[in-house]
Amino acid sequence: MEDRRNYAQDLRVGLLAIEPIRRAGLRSILEGIRGIKVIDSDLDGLLGSVSLDVAVVSLMIPAEILETIERLRAKDPTVRIIVMSEVGDDESVIAAISAGAKGYLQDNAAPEEVERAVEVVASGSIWAPRRPLSMLVDRMLDSGSLTARSSPQFTHRELEVLQLLVSARSNREIAQALGIEVRTVKSYVGRMMRKVGVGNRIALSMHAAKHTLGGGSEHNT
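Residues numbered from 1 in each chain as written. Predicted model: local features only at pLDDT ≥ 70, side-chain atom pairs only at ≥ 80, totals over all residues. Heavy atoms only, no water.

Caption draft 1: Local environment of the sheet that holds strand β5 (residues 103–106). Spatially, five strands are ordered β2-β1-β3-β4-β5 in an open sheet, and the strand pairing comes out parallel. Two strands in the sheet have a free side with no partner beyond their single neighbour: β2 (36–40) and β5. Ignoring which end each strand starts from, the neighbouring axes of this sheet average 20° apart. Pairing analysis gives five bridges linking strand β1 (residues 11–17) to strand β3 (residues 54–58), with the strands arranged parallel. By the bridge assignment, V13 is partnered in β3 with V54. Strands β1, β2, β3 and β4 (80–85) of the sheet are contacted by helix α2 (residues 20–31), whose axis makes an angle of about 170° with β1. (Pairing = 2+ DSSP bridges. Helix = DSSP H or I, 4+ residues; strand = E, 2+ residues; numbered from the N terminus. Axes fitted to C-alpha atoms, helices over the stretch in contact; angles between N-to-C directions. Contact = heavy atoms within 4.5 Å.)

Shown next as structure tokens:
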């Protein structure tokens, strides 16, 4: 709990939820995380906000999700969006992540899962079921949109960091688990992104889940 309080300090989280009871429940969950400032509004209100770190979007009509993601990202490409929906099939998750969402939860997610998703997404990683993510990276590789070398060489320590990164750990959590400093974790992640040939940690995680941590890749000791 202490890690969460420290990590969430000064985090501005927008909340867009149409259903009143869900809106009240999500607001209560988010406000329970110390350091988070919740901006509870309609879409126009969120678009008018000066700056948001994370936006939690819960809509009753799945067809509105992609348009909402597009409008939020058009206003601020850096906002990290978590989608909540009653629909949880692979294609819906893939569509949301492809549109720019960084997290996907079903409406029946437990409060602890919502909190964890906010932490992970705010840290720059992705929170979504593993199977649709694997399907997405397959499609990206097949289409050539993910330009990455298939067998980069990683040191033993880099592989330790990579394993935790794929497990949706934040830089702070990785540093604590390995007994190193956060800036050292950032250095490892940056170096691995350059080796793989990708521009962000999400693509690195997806590549690792597909190739490096699936066996068959060589590494240096």
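Caption draft 2: The arrangement of the environment of A177 in detail. Tracing the sequence through the fold places A177 in helix α9 (residues 171–178). What makes A177 partly exposed here is its relative accessible area of 47%. Apart from the residues within four sequence positions on either side, A177 is in contact with L164 and R169. (Buried < 20%, exposed > 50% of the residue type's maximum accessible area, 1.4 Å probe, protein only.)

Caption draft 3: Broad picture of the nonpolar core. Among the nonpolar cores identified, the biggest contains 26 residues, and I69, L72, I81, V83 and I97 are the most heavily contacted of them. Contributions of two or more residues to this core are made by α3 (43–47), β3, α4 (63–75), β4, α5 (90–99), α7 (130–143) and α11 (201–210). Considering each element in turn, this core owes the most residues, four residues, to α5. For V83, the residues in contact, after removing those within four places along its chain, are V57, I65, I69, A96, A101, G103, Y104 and L105. I29, L30, I33 and V114 belong to the second-largest nonpolar core, a separate cluster that totals 24 residues. (Core = buried A, V, L, I, M, F, W, Y, C linked by side-chain atoms within 4.5 Å.)

Caption draft 4: Quick peek at the pairing of β2. Sheet topology places β1 next to β2; five bridges connect them, and they run parallel. Counterpart to G14 in the pairing with β2 is I39. Of the crossover connections in this fold, the one passing from β1 over α2 to the parallel β2 is right-handed. (Right-handed = clockwise from strand over helix to strand, strands pointing away.)

Caption draft 5: Representation of α4. Residues I65, T68, I69 and L72 constitute the buried set of α4. For α4, the buried positions fall inside an angular range of 105° around the axis, keeping them on one side. Set apart from the buried face of α4 by more than 90 degrees, the exposed residues are A63, E70 and A74. The elements touched by buried residues of α4 are β1, α3, β3, β4 and α5. (Arc of directions from axis to C-beta.)

Caption draft 6: A look at the pattern of salt bridges. Summed over all chains, the structure comprises 12 salt bridges. A salt bridge links R22 to E19, with the shortest nitrogen-to-oxygen separation between them at 4.0 Å. A relative accessible area of 32% places E19 in the partly exposed class. Taking the shortest distance from any N to any O, the salt bridge between E31 and R27 comes out at 2.8 Å. With E31 and R27 both in helix α2 and four residues apart, the pair spans about one turn of that helix. Its relative accessible area of 28% is what places R27 among the partly exposed residues. One connected set of salt bridges, linked through shared partners, spans R23, R27, E31 and D40. (Salt bridge = Lys/Arg side-chain N within 4 Å of Asp/Glu carboxyl O.)

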